[in-house]
Amino acid sequence: MVEQPDQPGEFERPSGGRRAVTFAFDSLVEWARRITGWQALFAVMVFVYVVYFTGVTLDVHHGLGTSSYDVGLYQQGMWLLAHGKAPFVTLMGRNLFGDHASLILLPLVPIYRLFPSAGTLFFIQSLAIGLGALPVFLAARRRLASEGMAVALAACFLLHPAVGWTNRENFHPDCFVAVFVGMAIYGALERKWRLYWVFVALTILVKEDVSLVLLPLGVWVAMRRDRRIGLATIAATVGATLLGMFLIMRSLIGVPTRNGWRIPFGGPGGLMREAIERPGNVIDHFRSDQRPFYVWQMTFPMAFVFARRPGIAAISVLVIGTNMLSTFWYQYHLEYHYSLIAVPALVIGTVHALELVSRQWRRRLVGVVFITSLWSCLMWGVVPLGSILTPGAADPIGRNEPSYWPPSHPVALAARDIIAHVPAGASIATYHALAPHLANRELVYQFPNPFRVVLYGVDTTLEAARACLPIANDLEYVLLQADLSEELAVDWAVVKRDFDVVIEIGGWVLYHRVRHDVQCVVSEGERYPHLLSTVG
């Protein structure tokens, strides 16, 4: 029998909620049907990348392979913001936004409040860098009319040595430039101006020195796409950089930048005089300390294909050039985060150049770029391709992977055990490798701070004076190795009398303050405070 409706002549109709659910389900099914095999492969590739690097960086962290710089300081800053406090980071003695105007961290604060751990930062970093492959995929699919080639070139982005090394080097807000800069370039290429401005704005929020890539991007847009938009990009970039340096940073730390010393020959003026009076010295500087090899490492993965149409790739010239100019060793070595910002333009510039090549040669050149990217990753990268290609080999081909203690190492296990004895919120000075594990508190210091200033504050004045910080008088706990280096042992000997041992586990010792015999005071005739015994 056919069931009759309650109302004669009417059949029951689905409710509005049921209709919405049905429509959403049907739309999801239709969307899933439109996903191609190449798109699925791209998604799997990015997923594997994010999972792998999140896991590896967490293993390094739990194996005590991270430090105050640059994991603990971001953890403490985020924790302070998440609890409504000013982000004065005691691990470095500066406001978090005075060190760099990385306002992009603010949207992450609610996430960190819910998940207050280093793993949150490592996952966000891996996701941001992994998604840097998306603009490469989109640009290649559109320009080369091949999703297969788009996947291959997106893989080349992830294989670039500077990409993997940035992911392994602690945590840095710079990770966002991988996707933000790439999407801005893609928006400019396709004249998707709303998309372009969204990602230019997001890039500006990452750091004050993103101008090194946004200014050349604005020039390219003005010359090749839209003069008005290009000039507006240049103006917005200059304005945001000046705002970040001279309003935000200077108001927080007293100076617009702490990195002027990285310019050779005594700063900008000295560099200009040297270039005019002794240009050979400037040339020798660029040739010194394997700087040309750094350029080779950055560009060889793309097999120099971008030279066929260099406009987009040239957006990275200013970044690479300033890295070479710098006296700071880390900047011109691709194992550090300073190089990531140049990679999107190099890879998308390669896509842009391939568009001019015939389809037959295009496939061949994509194959060449894929091979050079693989080789570069093997020789200089951190992705364990050697272990994958030669499984079980005692000496895998390619560069040796960086070693670190596993989380199960006895010293790491002992560290986690003893950290559990530190009261939440207590002020503490500790060994640098333990600082990230104790960073979610208002007062945490990297020993010998606050008893003797080291790597603390805006400049090196206090460090040179071997001064102490007033908080040393009230610091509650100290957590150190049982066997200290000679220098740290001297620092600890000065204040050890004020502390009693709480517990010792596996070579780590936790101390609690029980006396105040040693005080940080300014003696008569001295400018800076030092530790003095108040007991005769």
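Model, not experiment: these values are computed from the prediction. Here the residue numbers are simple positions, counted from 1 along each chain's written sequence. pLDDT decides what is reported in this predicted model: residues at 70 or higher carry local features, side-chain atom pairs at 80 or more are listed and counted, and totals for whole chains, interfaces and linings draw on all residues regardless. With hydrogens and water excluded, all non-hydrogen atoms of the structure serve as input to the side-chain values.

### A short note on a nonpolar patch on the surface
Here's step 1: Together, Val44, Phe47, Val48 and Val51 line one region of the surface with nonpolar side chains, adding up to about 380 Å² of accessible area.
Here's step 2: Note on Phe47: relative accessible area 57%, which makes it exposed. Like charges within 9 Å and nonpolar side chains (Val, Leu, Ile, Met, Phe, Trp, Tyr) within 5 Å are joined into patches, using only residues over 30% in relative accessible area that form no salt bridge. Only the protein chains shown count as cover for residues, and the accessible areas themselves come from Shrake-Rupley with a 1.4 Å probe. Definition used for salt bridges: Asp or Glu carboxyl oxygen within 4 Å of a side-chain nitrogen of Lys or Arg. Note on exposure labels: buried denotes an accessible area under 20% of the residue type's maximum, exposed denotes more than 50%, and partly exposed covers the range between, all computed with a 1.4 Å probe on protein chains only.

### Quick notes on the sheet that holds strand β3 (residues 428-430)
Here's step 1: In this scheme, strands are said to pair when DSSP sees at least two bridges between them. To qualify as a helix, a DSSP run of H or I must reach at least 4 residues; to qualify as a strand, a run of E must reach at least 2; elements of each kind are numbered from the N terminus. Spatially, five strands are ordered β4-β3-β5-β7-β6 in an open sheet, and the strand pairing comes out mixed. A strand with exactly one partner marks an edge of an open sheet, and here the two such strands are β4 (444-446) and β6 (499-505). Adjacent strand axes in the sheet meet at a mean angle of 20° when their direction is disregarded.
Here's step 2: Relative to strand β7 (residues 508-513), strand β5 (residues 477-481) runs antiparallel, the two being bridged by five bridges. By the bridge assignment for β7, Leu480 is matched with Val509.
Here's step 3: In this fold helix α21 (residues 410-419) packs onto β5, β6 and β7, with an angle of close to 20° to the strand it touches most, β7. The axes used here are C-alpha line fits, helices contributing only the stretch in contact, and every angle between their N-to-C directions lies in the interval 0 to 180 degrees. Contacts are assigned to residue pairs that have any heavy atoms within 4.5 Å of one another.

### What to know about the side chain of Arg362
Here's step 1: As for its position among the elements, Arg362 is in helix α19 (residues 359-380).
Here's step 2: Among buried charged residues, Arg362 stands out as having no salt bridge; its nearest opposite-charge side chain is Glu355, 6.7 Å away.
Here's step 3: A distance of 3.2 Å separates the side chain of Arg362 from the backbone oxygen of Glu355, its partner in a polar contact.
Here's step 4: Leave out the neighbours within four places in its chain, and Arg362 touches Arg143, Leu144, Met149, Leu354, Glu355 and Val357. Think of it this way: Lys and Arg go in the positive column, Asp and Glu in the negative one, and His and the chain ends go nowhere. By the criterion applied in these results, polar contacts are pairs of N or O atoms within 3.5 Å in which, for protein atoms, one can donate a hydrogen and the other can accept it, and in which residues neighboring in sequence qualify only through two side-chain atoms.

### Side note on the environment of Thr120
Here's step 1: By the secondary structure assignment, Thr120 is in helix α6 (residues 118-130).
Here's step 2: Assessed through its relative accessible area of 10%, Thr120 is described here as buried.
Here's step 3: In this structure the C-alpha to C-alpha distance between Thr120 and Gln75, which are 45 residues apart in sequence, comes to 9.6 Å.
Here's step 4: What Thr120 contacts, discounting residues up to four positions off in sequence, is Ile111, Tyr112 and Phe115.

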